[in-house]
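# Overview (structure and organization)
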Amino acid sequence: MSLKEKIIKFLAEQPRPGLVVQFTPGRVCALKAEEITRGSGFKKESFLMRPLPPGILEANHLKQNILDKDYLQKVLDDLLAEIKPDRHSASLLIPEMSARVFLFSLENGLTSPVELNNFVAWRLNRQLSQNISQIRYSYQLFNSSREKKILVLCSGSAVVKEYESLFQARKIHPGKIIIPSLSVLNLVISQAEREDDLLVADLDHDYLSLAALAREGLLLYRQKQVWPEVDITRTLEEVDKEIKNTVNFIEDKLKRQLKVIYLRSNLEQTDEVEERLKLLAPIKVKRIMPGQEELAPLLGEI
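When helices and strands are counted, the protein shows eight helices and 13 strands. Residues counted as buried form 54% of the 302 residues belonging to the protein. A separation of at least 24 residues holds for 67% of the contacts in the protein among residues at least 6 apart in sequence. Surface accessibility of the protein: about 14200 Å² in total, with carbon and sulfur atoms responsible for 48%.

Attention shifts here to the pairing of strand β11 (residues 217–225). Where strand β10 (residues 207–214) lies against β11, eight bridges are found, and the strand directions are antiparallel. Residue A211 lies in a different strand from β11, and its bridge partner there is Y221. Hairpin connection, β10 to β11: the antiparallel pair is bridged by two residues.

Looking now at the packing of aromatic side chains. This model, assessed by the stated rule, comprises five aromatic pairs. An angle of 85° between the planes, with centres 6.3 Å apart, marks the rings of F23 and F167 as edge-to-face. With F23 in strand β1 (residues 19–24) and F167 in the loop between α4 (157–165) and β8 (173–178), this pair connects stretches of sequence that are 144 residues apart. Among the residues examined, F167 registers a relative accessible area of 0% and is labelled buried. Seen in terms of ring centroids, F119 and W122 are 6.1 Å apart; in terms of plane orientation they differ by 45°. Their pairing is tilted. Here F119 pairs with W122, and both are found in helix α3 (residues 113–127), just three residues apart, close to one helical turn.

What follows concerns helix α7 (residues 270–277). Along α7, the residues that are buried comprise T270, V273, E274 and L277. Along α7, the residues classed as buried sweep out an arc of 100° about the axis, all on the same side. The secondary structure elements touched by the buried residues of α7 are β9 (198–203), α6 (232–252), β12 (260–265) and β13 (284–287).

A few words now on the pattern of salt bridges. Enumeration according to the criterion identifies 18 salt bridges in this entry. For the salt bridge of R264 with D202, the shortest nitrogen-to-oxygen distance reads 2.5 Å. Residue R264 is located in strand β12, and its partner D202 is located in strand β9; the two are separated by 62 residues in the primary sequence. By relative accessible area, D202 is classed as buried at 1%. For E274, the salt bridge identified is with R287, shortest N-O distance 2.6 Å.

What follows covers the nonpolar core. In terms of nonpolar packing, the biggest core is built from 60 residues, with V21, F23, L72, F167 and I288 touching the most fellow members. Not counting chain neighbours up to four residues away, the residues in contact with F167 comprise V21, F23, L76, L80, L92, I172 and P174. By size, the runner-up hydrophobic cluster in this structure holds 24 residues, among which are V239, I243, L267 and V273.

Taking strand neighbours across the sheet as the criterion, the five strands line up as β11-β10-β9-β12-β13 in an open arrangement whose pairing is mixed. Taken across any chain shown, the strands that pair with only one partner, and hence form the sheet edges, are β11 and β13. Shown here is a sheet whose adjacent strand axes are inclined to one another by a mean of 15°, direction ignored. Against the sheet, α6 touches β9, β10, β11 and β12, its axis set at about 160° to β11.

This paragraph deals with the sheet that holds β1. If you walk across this open sheet you meet the five strands as β3-β2-β1-β4-β8, and the pairing is mixed. Every other strand in the sheet has two partners, leaving β3 (47–51) and β8 as the edge strands with one partner each. Taken over all neighbouring pairs, the strand axes of this sheet differ in orientation by 20° on average, direction set aside. By the bridge criterion, six bridges tie β1 to strand β2 (residues 27–32) in an arrangement that is antiparallel. Bridge assignment links Q22 to a residue of β2, and that residue is C29.

Across the junction of A281 and P282, the peptide omega takes the value 20°, indicating a cis bond. Among the structural elements, P282 can be located in the loop between α7 and β13. One non-glycine residue, K255, lies in the positive phi region at around 60°. As for its placement among the helices and strands, K255 is situated in the loop between α6 and β12. According to the relative accessible area criterion, K255 is exposed, its value standing at 61%.

We now examine the side chain of S209. Turning to its location among the elements, S209 is positioned in strand β10. Overall, S209 belongs to the buried group, its relative accessible area being 1%. Reaching out from S209, the side chain makes a polar contact with the side chain of E96 at a distance of 2.6 Å. Those residues within four positions of S209 in sequence are excluded, and the remaining contacts are E96, S181, V200, A201, D202, R222 and Q223.

Cut-off values and rules
Each chain has its residues counted from 1, following the order in which its sequence is written. pLDDT decides what is reported in this predicted model: residues at 70 or higher carry local features, side-chain atom pairs at 80 or more are listed and counted, and totals for whole chains, interfaces and linings draw on all residues regardless. To get the side-chain values, take all heavy atoms of the structure and skip hydrogens and water. Numbering goes from the N terminus for both helices and strands, where a helix is a DSSP run of H or I of at least four residues and a strand is a run of E of at least two. Each residue is placed in one exposure class: buried if its accessible area under a 1.4 Å probe, protein chains only, is under 20% of its type's maximum, exposed if it is over 50%, and partly exposed if it falls in between. Contacts between residues were defined by any pair of non-hydrogen atoms, one from each residue, lying within 4.5 Å. In short, Shrake-Rupley with a 1.4 Å probe defines the accessible areas, and a residue's cover is counted only from the protein chains shown. Strand pairing is assigned whenever DSSP identifies at least 2 bridges connecting the two strands. Put simply, two rings from Phe, Tyr or Trp (the six-membered ring, in Trp's case) pair if the centres are within 6.5 Å, and we call them stacked under 30 degrees between planes, edge-to-face over 60, tilted for the rest. Taking the helix axis as origin, the arc is that swept by the directions to the C-beta atoms. Only one rule defines a salt bridge in this text: a Lys or Arg side-chain nitrogen within 4 Å of an Asp or Glu carboxyl oxygen. Buried residues of nine kinds, namely Ala, Val, Leu, Ile, Met, Phe, Trp, Tyr and Cys, make up a nonpolar core once their side-chain atoms join them within 4.5 Å. Only the stretch in contact is used when fitting a helix axis, every axis being a line fitted to C-alpha atoms; angles between N-to-C directions are given from 0 to 180 degrees. A 3.5 Å cut-off defines polar contacts: any pair of N or O atoms within that distance qualifies, except that in protein one atom must be a possible hydrogen donor and the other a possible acceptor, and neighbouring residues in sequence count only when both atoms are side-chain atoms.

So this is what it looks like as structure tokens:
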């Protein structure tokens, strides 16, 4: 199985859903996925978005997320009533900072499912402040020419249940739970024309995530919280510094030369972000779905 196939298997291990719903601190989005083929276009009414005011939802991978469930439930119910899903299955994109991604190097000799699960649990116990019994996680093993790595996605069990409970009254079964940056990565690697030795930079109103991918495997995965509404100038400087430091780390420490940065930014200042990154030439900068940035994470799930 190729690296691309393994990553797609990890990111899309559940059957294709009838609906994809994304929650962020500032909005709820839904995509009716039944008749959509990625890259072939879709009806405008298949995608709906509703803004959320402050104080309704806050992202955290261990603490309570939904601060006003009644309000959020009404927003979701109204959205689902308008989009009219035909099937009772849904993939959920929870806020980026409501989960954490780890990329662990695997010790030699660990091959059985029991050994792998014990290794992941042991590493998570070292990384997280909460007991592993209160964590929901999934992982995938990747081979590379140098070493084996495990990509782990985890969040508090109570956090995940908060989002799942919103669908009980609608009799919609939430299957796969994922975060937007992993979905955007899936969208990029599924493109036949995409280049190897790449960095996917996913920037939204509360986070920056960076995933570096070479032909033989994942190189790194980073997540950082940002607050552009507080100070956009400082945020742009932090984003620029974080991406450039990551590129330098890949070149200096990992001895790999990136060819392209795939950028998805949901900020109004995306053009400025792109111009700053162009200073990294000869590394190219390619925008992911310009003009439809809010849609990209949901399309990565179908």
